[in-house]
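Residue-level structure breakdown
Chain residues, written in single-letter form:
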Amino acid sequence: MELSVLIHKFDIPGRLVTINPNGGGNINDTYLAIFRNTFDERQVILQRMNRAVFENPQQIMANLRVLTVHTHRKLEEEAEQSDRVWQMPKLIQTRDGKDCLIDDRGDAWRVITKIASATAFNETQGPEHAAECGAVLAHFHGLVNDLDQTELTDPLPGFHITPRYLEKYDGTVATVAGRERLNASMEARRLAKFIEDRRAFAPVLQQAIARGELQLHVMHGDPKVNNVMIDDFTGKGTAMIDLDTVSPGLLHYDFGDALRSICNPAGEEELNLNKVVFDMDLCLAFCKGYLAQARAFLTDADRRYLYDSVRLITFELGMRFFQDYLAGSVYFKTRHPEQNLNRARVQFRLCESIEARERMIREQINTLA
Ligand SMILES: Nc1ncnc2c1ncn2[C@@H]1O[C@H](COP(=O)(O)OP(=O)(O)O)[C@@H](O)[C@H]1O
Ligand SMILES: [Mg+2]
């Protein structure tokens, strides 16, 4: 089906002016469509949802419905006291009242409102930007803090349960091909040792949940910089987008993953390990932005595990890359055979850099929270 035909199945007033690819996501296919009438213009986002990642689009849309109804109500309630206008996309239904459309190929499409006058950057622009990312994530966590997590279905069960990745890794090492790849290089053996040295640390958050110290809330699930929209006029954060992974989880998974990605300016593909450093200026800025807002709802136990979450999520991602490398790169797409090995090296170096700064990171968190 042509895009122009497809978009007309949705209930949008005005006449279609253009429809073009938009944004730099790498999961969904995203388009911007502009509708106009004599006095007004309506810009909307059309997305084809990635079937390989999300098998059940209806379930994702049901989650999105629960989330947006809850957050729009809260945003209205707090609007008067708020220092800015926070935005949250609204779902636009099809003309026959559905939240998504299945095309003749079986792909699911949805339309959501566009966040007005804002940009999602692909890289951290500096400490001020990092602070806004922190503020946006904390505001999001505050919005969903009283949303009953049982109303959401987990789209990717077990996504941040580190011990499960460890089991999967052990399984791969036990295969003939896995063992061969492991023994084929010194570097692979070094990474295996890195994992062994942190085996006891892997269940730290799961154990805290089991002891009742940490409770599951609603998490975003993918809090990286290009899912945070920054207002073009004020430079302040205005919205958290890419809501497909919103699910029951720990706030710590988001906090750790956000710091992991934001404080590594070298990026996930860096070949020169000496350039991979956990940036403390960016960390301080993010923590300031996050904790200024999150102070209101974090418990003492929540605070105690924030440092661990940064270390753990970085370790976890490194282990996932390494496991996939040993399994023959079946999950993470690669352009060359050693790519997942290198991605693992980068995350493990970052993890070491975090460990070396443990005292400083803990101090920052303690003074700010
Ligand atoms: N509601 C929106 N308003 C404005 N831009 C959007 C909106 N939703 C998505 N985008 C743009 O499209 C990009 C990809 O969308 P996203 O939902 O993050 O998909 P992906 O899962 O592929 O990352 C975003 O980084 C952003 O630039
Ligand atoms: Mg995205």
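What follows deals with the site of ligand 1. Surrounding ligand 1, one finds 20 residues, the nearest of these being Ile27, Asn28, Gln47, Ile115 and Asp242. Between glutamine 47 and ligand 1, the recorded distance is 3.0 Å, taken from a side-chain N or O atom to an oxygen atom. At a separation of 3.0 Å, an oxygen atom of ligand 1 approaches a polar side-chain atom of asparagine 227. Of all the elements in the fold, those that place two or more residues in the shell around ligand 1 are β3 (40-48) and β6 (108-113). Counting only domains with at least three residues in the shell around ligand 1, you end up with domain 1 (3-114) and domain 2 (127-368).

This part is about the pattern of salt bridges. Counting across every chain of the model gives 31 salt bridges. Ionic pairing is found between aspartate 244 and arginine 110, a salt bridge with its closest N-O pair at 2.9 Å. Within this pair, whereas aspartate 244 is found in the loop between β10 (237-240) and β11 (247-249), its partner arginine 110 is found in strand β6, the two being separated by 134 residues in sequence. Considered together, aspartate 244 and arginine 110 belong to a single accessibility category, that of buried residues. One salt bridge in this structure joins aspartate 308 and arginine 362, with 3.6 Å as the shortest N-O distance. Here the residue aspartate 308 occupies a position in helix α11 (residues 306-326), and arginine 362 occupies one in helix α13 (residues 358-368), the gap between them amounting to 54 residues. On the accessibility criterion, aspartate 308 (11% relative accessible area) is buried. Owing to a relative accessible area of 29%, arginine 362 belongs among the partly exposed residues under this scheme.

Right, let's get into the coordination of the magnesium ion (ligand 2). At this site the magnesium ion (ligand 2) is bound by Asn227 (OD1) and Asp242 (OD), with donor distances of 2.2 Å. One end of the pair, asparagine 227, is in the loop between β8 (217-219) and β9 (228-231); the other, aspartate 242, is in the loop between β10 and β11, and 15 residues separate them in sequence. Here asparagine 227 falls in the buried class, since its relative accessible area comes to 3%. Taking relative accessible area as the criterion, aspartate 242 reaches 27% and is therefore assigned partly exposed.

Our focus in this paragraph is the sheet that holds β9. In space, the three strands of this open sheet follow the order β7-β9-β10, with antiparallel pairing throughout. Sheet topology places β7 (118-119) and β10 at the edges, where each strand pairs with a single neighbour. Taken together, the three bridges between β9 and β10 define a ladder with antiparallel strand orientation. Within β10, the position partnered with valine 228 by the bridge is methionine 240. Across the sheet, helix α3 (residues 127-144) is in contact with β9 and β10; its angle to β10 comes to roughly 50 degrees.

Attention now moves to the packing of aromatic side chains. Counting across every chain of the model gives eleven aromatic pairs. With a centroid separation of 5.9 Å and 25 degrees between ring planes, the pair formed by phenylalanine 315 and phenylalanine 348 is classed as stacked. Placement of the pair is phenylalanine 315 in helix α11 and phenylalanine 348 in helix α12 (residues 339-356), with a sequence separation of 33 residues. An aromatic cluster is present here, built from Tyr169, Phe322 and Tyr325 joined pairwise through their rings. Taking the ring centre of phenylalanine 194 as reference, the NZ or CZ of arginine 198 above it sits at 3.6 Å. Here arginine 311 stacks its cationic end above the ring of phenylalanine 201, 3.8 Å away from the centre of that ring.

Our focus in this paragraph is the environment of arginine 357. Examined against the element boundaries, arginine 357 turns out to sit in the loop between α12 and α13. When the C-alpha positions of arginine 357 and aspartate 279 are compared, they lie 9.9 Å apart, and in sequence the two are 78 residues distant. Excluding its chain neighbours within four sequence positions, the residues that come into contact with arginine 357 are Val277, Phe278 and Met280. A distance of 3.4 Å separates the side chain of arginine 357 from the backbone oxygen of phenylalanine 278, its partner in a polar contact. A distance of 2.9 Å separates a polar atom in the side chain of arginine 357 from a polar atom in the side chain of serine 353.

Turning to the environment of aspartate 99, a few remarks are in order. Secondary-structure assignment places aspartate 99 in the loop between β4 (91-92) and β5 (101-102). Along the primary structure aspartate 99 and arginine 110 are separated by eleven residues, whereas in three dimensions their C-alpha atoms are 6.7 Å apart. Look past the residues within four positions of aspartate 99 in its chain and what remains in contact with it is Met61, Arg65, Leu91, Gln93 and Arg110. Among the polar contacts made by the side chain of aspartate 99, one reaches the side chain of arginine 65 at a distance of 2.5 Å. At 3.1 Å, the side chain of aspartate 99 and the side chain of glutamine 93 are in polar contact.

Our focus in this paragraph is the domain arrangement of the protein. Annotation of the protein at the domain level lists domain 1 (3-114) and domain 2 (127-368). Placing the centre of domain 1 and that of domain 2 at their C-alpha centroids yields a distance of 28 Å. Opposite the 23 residues of domain 1 that make contact, domain 2 presents 28 residues. Counting the surface lost from both domain 1 and domain 2, the interface buries some 2200 Å², and carbon and sulfur atoms represent 59% of this. Counting the surface domain 1 buries against domain 2, the share from its top three residues, Asn63, Arg84 and Trp86, is 25%. For the pair domain 1 and domain 2, the interface holds three salt bridges. The residue arginine 84 makes a salt bridge to glutamate 132 at a minimum N-O spacing of 3.1 Å. Along the contact surface separating domain 1 from domain 2 lie 13 residue pairs in polar contact (both at pLDDT 80 or more). Ranked by residue count, the leading element in the side of domain 1 that touches domain 2 is helix α2 (residues 57-78), at eleven residues. Among the residues forming the side of domain 1 that touches domain 2, the class breakdown is eleven nonpolar, seven polar and five charged.

Cut-off values and rules
- Residues numbered from 1 in each chain as written.
- Chains lettered and ligands numbered in written order.
- Predicted model: local features only at pLDDT ≥ 70, side-chain atom pairs only at ≥ 80, totals over all residues.
- Heavy atoms only, no water.
- Near = heavy atom within 4 Å.
- Polar contact = N/O pair within 3.5 Å; in protein donor to acceptor, adjacent residues only side chain to side chain.
- Helix = DSSP H or I, 4+ residues; strand = E, 2+ residues; numbered from the N terminus.
- Domains from an automatic or database assignment.
- Salt bridge = Lys/Arg side-chain N within 4 Å of Asp/Glu carboxyl O.
- Buried < 20%, exposed > 50% of the residue type's maximum accessible area, 1.4 Å probe, protein only.
- Donors = N, O, S within 2.8 Å, 3.2 Å for Na, K, Ca; no water.
- Pairing = 2+ DSSP bridges.
- Contact = heavy atoms within 4.5 Å.
- Axes fitted to C-alpha atoms, helices over the stretch in contact; angles between N-to-C directions.
- Phe/Tyr/Trp six-rings, centres within 6.5 Å; stacked < 30°, edge-to-face > 60°.
- Lys NZ or Arg CZ within 6 Å of the ring centre and 35° of its normal.
- Buried area = accessible area lost by both parts, 1.4 Å probe.
- Nonpolar A, V, L, I, M, F, W, Y, C, P; charged D, E, K, R; others polar.

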